[in-house]
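# Examining the three-dimensional arrangement
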Amino acid sequence: MTAGSSELDSLYQEIILDHYKNPLNKGLRDPFEAEVHHVNPTCGDEVTLRVHLDGAGAAATVGDVSYDAVGCSISQAAASVLTELVIGKPVGEAMSIHEEFLALMQGKGQVQPDEEVLEDAVAFAGVARFPARVKCALLAWMAWKDATLTAVEKEKAR
Amino acid sequence: MIEGLLPDLEVIRKDFPILSRTLPGNDGVGLPLIYLDSANTSQKPQVVIDTMVDHLERHNANIARAMHRLGAESTEAFEAARDKVATFLNAPSRDEVIFTKNITEGLNLVANTLAWPGDLQVGPGDEVLITEMEHHSNIVPWQLLTQRTGATLRWFGITDDGGLDLSNIDDLINERTKVVSLTWVSNMLGTINPVREIADRAHQVGAIVVVDAAQAVPQLPVDVVASGADIVGFTGHKVVGPTGIGVLWGKRELLDRLPPFLGGGEMIETVAMERSTYAPIPHRFEAGTPPIVEAVGLGAAVDYLAHIGMEHVHRHEQAVTAYALEGLQTVPGLTVLGPLDATQRGGAISFELAGVHPHDVATVLDTRGIAVRAGHHCAKPAHARFGVQSSTRMSSYLYTTPAEIDALVEGLHYTRDYFKVG
């Protein structure tokens, strides 16, 4: 083993590398109520993300999340895992998952992830110990929250 | 032994205390630091650190306004730093050396004052010419200037091998051109640009030539007069000096014609409630208490480099760069962005590694103690020119050894294996 490799393995979990090589739900699709474009200005990673909601009001669920993204393995895998976790969930529950993931990423490695809630996203626990990479993991998640809130607002305005 | 390396490299390395620190590795085994991010910021020799500490411990006072012994000592140290920088740049006059907080502030000083009323004011119909390989700090201030004044921003393109595309120079430099601002050495591609040739052309149409020398002053012998430029700026922290201090050199006859930039203390001659008159250069462009200890540190830094000799530093950089270009070619799937001839470029080498994103490259290397930069290096247009979103960049300096390049190359082979590429 080379020095540093176990530290690397804590960051690059197999699940993350799998999602990176075979991302789920990638590509932009119709229909959608909101589309956002987020960038990470320090590194140039970009994501364009669309959200489609099924139903309205308290009963609304996340019908689809589609995206187009360029970036590192962490940012690409995070987008893939995000879609897997939130598609089909009621909007309120999906927002709770978002909060849980955000708390994990901002926890500096001190937060124990709840596997019941986060499923594959627990693999990102190691990212929290690499401060430079936290923004990579959060790029698509923040874009999703932004798009979803926009879609909900649009729904209300109708 | 590689020809051109600094003969007392091991002695020089001992001048930089940070180079002997180790980083936490696996199982508590310390990893030696391999610092290949000097184009981002250089490390500091003990003499710079000691000079700054000594100033703070023994001579600290505000300058040019304190009527006591410490004030005199502090002023003398600050102004001595200006003399050292003037000598280092071969500036005809010490008054032409203006201290700024960094090169970004220096470029903004020029781009702002050219927008304001005065005989050099840029206006509608005028053109400002830059290049596609600029750092964002030599793009955005000119975008702001042209947007504010109704002038037009134009730029030189980049050739496929990373040089400046001069094929349309006759069109780009014309009687409407008021300013030509370009980088001497590209921070991303490493390209060394023909500053003198472009400056001579620009002067034929009466344009002002501004040179971003942030990457040039650290590694080339720079003679501001021979460069042909009217204004040359650089930043202290890339020339083994501290952060928070930069230099803007300009020809006196030009600086005298620019309106003041920031208003405040020190830049005035006299102030009444209705209006003020201004101090002569350099103080006219140094409003407020300047970064005193940083300037003193910069003075020690340029003395240190001058003592080694910039021609020797340059030879060392070329030798290490040639060795690195050779080593990088052995990594399958690696593409260097920029010139492949070490004699035509500086010591920053940006590259792509097929199948692995630059962030991931940098993270893997970091766990082996190797510090490189990953991202767009504040040169998004230059990356876009080559159809890439970001790159990994290694950059050497006078303390870089061939063994460190070997470790980088080995680390890149390991990175490919780790990500199961190829």
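Residues numbered from 1 in each chain as written. Chains lettered and ligands numbered in written order. Predicted model: local features only at pLDDT ≥ 70, side-chain atom pairs only at ≥ 80, totals over all residues.

## So, the overall build of chain A
Counting its secondary structure elements, chain A contains six helices and three strands. Taken over the C-alpha trace, chain A has a radius of gyration of 15 Å; the compact-globule value for 158 residues is 15 Å, and the two agree within 12%. Considered along the principal axes of its C-alpha atoms, chain A spans approximately 60 × 30 × 25 Å. Here chain A holds 158 residues, and the buried ones make up 39% of them. Expressed as a percentage of contacts within chain A between residues at least 6 apart in sequence, the contacts between residues at least 24 apart total 63%. (Helix = DSSP H or I, 4+ residues; strand = E, 2+ residues; numbered from the N terminus. Rg over C-alpha atoms; globule rule 2.2 N^0.38 Å. Buried ≥ 20, exposed ≤ 12 C-beta atoms within 10 Å, placed from the backbone. Contact = placed C-beta atoms within 7 Å.)

## Looking at the overall build of chain B
When its secondary structure is counted, chain B shows 14 helices and 18 strands. By the compact-globule yardstick of 22 Å for 422 residues, chain B fits well, its C-alpha radius of gyration being 22 Å. Its C-alpha atoms give chain B principal-axis dimensions of roughly 70 × 55 × 35 Å.

## Regarding the interface of chain A and chain B
If you look at the interface, chain A gives 17 residues, while chain B gives 18 residues. Considering every element that reaches the side of chain A that touches chain B, the biggest residue donor is helix α1 (residues 5-11) of chain A, with four residues. For the side of chain A that touches chain B, the class distribution of residues is eight nonpolar, seven polar and two charged. (Nonpolar A, V, L, I, M, F, W, Y, C, P; charged D, E, K, R; others polar.)

## Quick notes on the pairing of strand β6 (residues 152-158) of chain B
Residue and element names in this part refer to chain B. Pairing analysis gives five bridges linking strand β5 (residues 127-131) to β6, with the strands arranged parallel. By the bridge assignment for β6, Glu 127 is matched with Thr 152. What joins β5 to β6 is helix α5 (residues 140-149), and the crossover it makes is right-handed. As paired strands, β6 and strand β7 (residues 164-165) are joined by two bridges and run antiparallel to one another. Opposite Ile 158, over in β7, you have Leu 164 as the bridge partner. What sits between the antiparallel neighbours β6 and β7 is a turn of five residues, in which Gly 162 has the positive phi angle 90°. (Pairing = 2+ DSSP bridges. Right-handed = clockwise from strand over helix to strand, strands pointing away.)

## Remarks on the sheet that holds strand β15 (residues 348-353) of chain B
Residue and element names in this part refer to chain B. Sheet architecture is open: four strands sit in the order β14-β15-β18-β17, paired in antiparallel fashion. Of all strands in the sheet, those with a lone pairing partner are β14 (334-337) and β17 (373-375), marking the two edges. When strand polarity is set aside, the average angle formed by the axes of neighbouring strands in this sheet is 30°. Here β14 pairs with β15 via four bridges, running antiparallel. Pairing of Leu 337 across the sheet is with Ser 350, part of β15. (Axes fitted to C-alpha atoms, helices over the stretch in contact; angles between N-to-C directions.)

## A look at the sheet that holds β7 of chain B
Pairing in this open sheet of eight strands is mixed, and the strands run β4-β11-β10-β9-β8-β5-β6-β7 (chain B) from one edge to the other. Strand pairing shows two members of the sheet lacking a second neighbour, β4 (97-100) and β7 of chain B, which therefore form its edges.

## A few points about the pairing of strand β9 (residues 208-212) of chain B
All names here are of chain B. Burial within β9 is extensive, with five of its five residues counted as buried. Two elements, strand β8 (residues 177-183) and β9, share five bridges in a ladder whose sense is parallel. Looking across to β9, one finds that Val 180 is bridged to Val 209. The β-α-β motif built from β8, the intervening helix α7 (residues 195-204) and the parallel element β9 has right-handed crossover chirality. The pairing of β9 with strand β10 (residues 231-235) spans three bridges and is parallel. Across the sheet, the residue bridging to Asp 212 is Gly 233, located in β10.

## Describing helix α6 (residues 134-157) of chain A
Taking 1.5 Å as the rise per residue, α6 of chain A with 24 residues should run 34 Å; its terminal C-alpha atoms sit 34 Å apart, in good agreement. The largest bend in α6 of chain A comes to about 30°, at Ala 140 of chain A. Those residues of α6 of chain A lying buried are Cys 136, Ala 137, Leu 138, Leu 139, Ala 140, Trp 141, Ala 143, Trp 144, Lys 145, Ala 147, Thr 148 and Ala 151 of chain A. Buried-residue contacts for α6 of chain A involve β1 (34-39), β2 (46-54), β3 (61-70), α3 (73-86) and α4 (91-105) of chain A together with α12 (358-366) of chain B. (Expected span 1.5 Å × (residues − 1). Bend = angle between axes of the 7 residues up to and from the residue.)

## So, the confidence of the model for chain A
Chain-level statistics for chain A give a pLDDT mean of 90 and a share of 97% at 70 or above. Here α1 of chain A is the element of chain A with the lowest mean pLDDT, 82, and β1 of chain A is the one with the highest, 96. (pLDDT = per-residue confidence, 0-100.)

## Description of the environment of Met 95 of chain A
Its place among the elements puts Met 95 of chain A in helix α4. Met 95 of chain A sits 76 residues away from His 19 of chain A along the chain, and the two C-alpha atoms are 22 Å apart.

## Looking at the nonpolar core
In summary, soluble globular proteins display a tendency toward joint burial of nonpolar side chains. In this structure, Ala 78, Leu 82, Ala 140 and Trp 144 of chain A together with Val 211 of chain B are the most contacted members of the largest nonpolar core, which totals 165 residues. Both of domain 1 (9-43 + 309-418) and domain 2 (49-307) of chain B provide at least three residues apiece to this core. Leave out the neighbours within four places in its chain, and Ala 78 of chain A touches Phe 124, Ala 137, Leu 139, Ala 140 and Trp 141 of chain A. (Core = buried A, V, L, I, M, F, W, Y, C linked by C-beta atoms within 7 Å. Domains from an automatic or database assignment.)

## What to know about the packing of helix α11 (residues 310-328) of chain B against helix α14 (residues 402-418) of chain B
Residues and elements named next belong to chain B. Running from amino to carboxyl end, α11 crosses α14 at an angle of 20°, the nearest separation of the two axes being 10 Å. Taken together, α11 and α14 sit at an angle that is classed as roughly parallel. The handedness of the crossing between α11 and α14 is right-handed. Where α11 abuts α14, its residues Val 320, Tyr 323, Ala 324, Gly 327 and Leu 328 lie against Pro 402, Ile 405, Asp 406 and Val 409. (Parallel < 35°, antiparallel > 145°, perpendicular 65-115°, else oblique. Left-handed = near helix turned anticlockwise from the far one by under 90°.)

## Thoughts on the domain arrangement of chain B
All names here are of chain B. By domain assignment, chain B separates into domain 1 (9-43 + 309-418) and domain 2 (49-307). The gap between the C-alpha centroids of domain 1 and domain 2 is 28 Å. With 24 residues of domain 1 at the contact, the number on the domain 2 side is 27 residues. Ranked by residues supplied to the side of domain 1 that touches domain 2, first place goes to α11 with five residues. Tallied by class, residues from the side of domain 1 that touches domain 2 come to eleven nonpolar, nine polar and four charged.

## Looking at the packing of helix α2 (residues 46-59) of chain B against helix α10 (residues 292-308) of chain B
Residue and element names in this part refer to chain B. In the contact formed by α2 and α10, the axes pass within 8 Å of each other and the chain directions differ by 150°. The orientation of α2 with respect to α10, classified from their angle, is roughly antiparallel. Our pair here, α2 against α10, has a crossing hand that is right-handed. Here Val 47, Val 48, Thr 51, Met 52, His 55 and Leu 56 of α2 lie close against α10, whose contacting residues are Val 293, Val 296, Gly 297, Ala 300, Ala 301 and Tyr 304.

## What about the environment of Leu 255 of chain B?
Residue and element names in this part refer to chain B. Note that Leu 255 resides in helix α9 (residues 252-255). Distance from Leu 255 to Pro 282, taken between C-alpha atoms, is 8.7 Å for residues 27 residues apart in sequence. The contacts of Leu 255, once residues within four sequence positions are left out, are Glu 96, Gly 250 and Ile 281.

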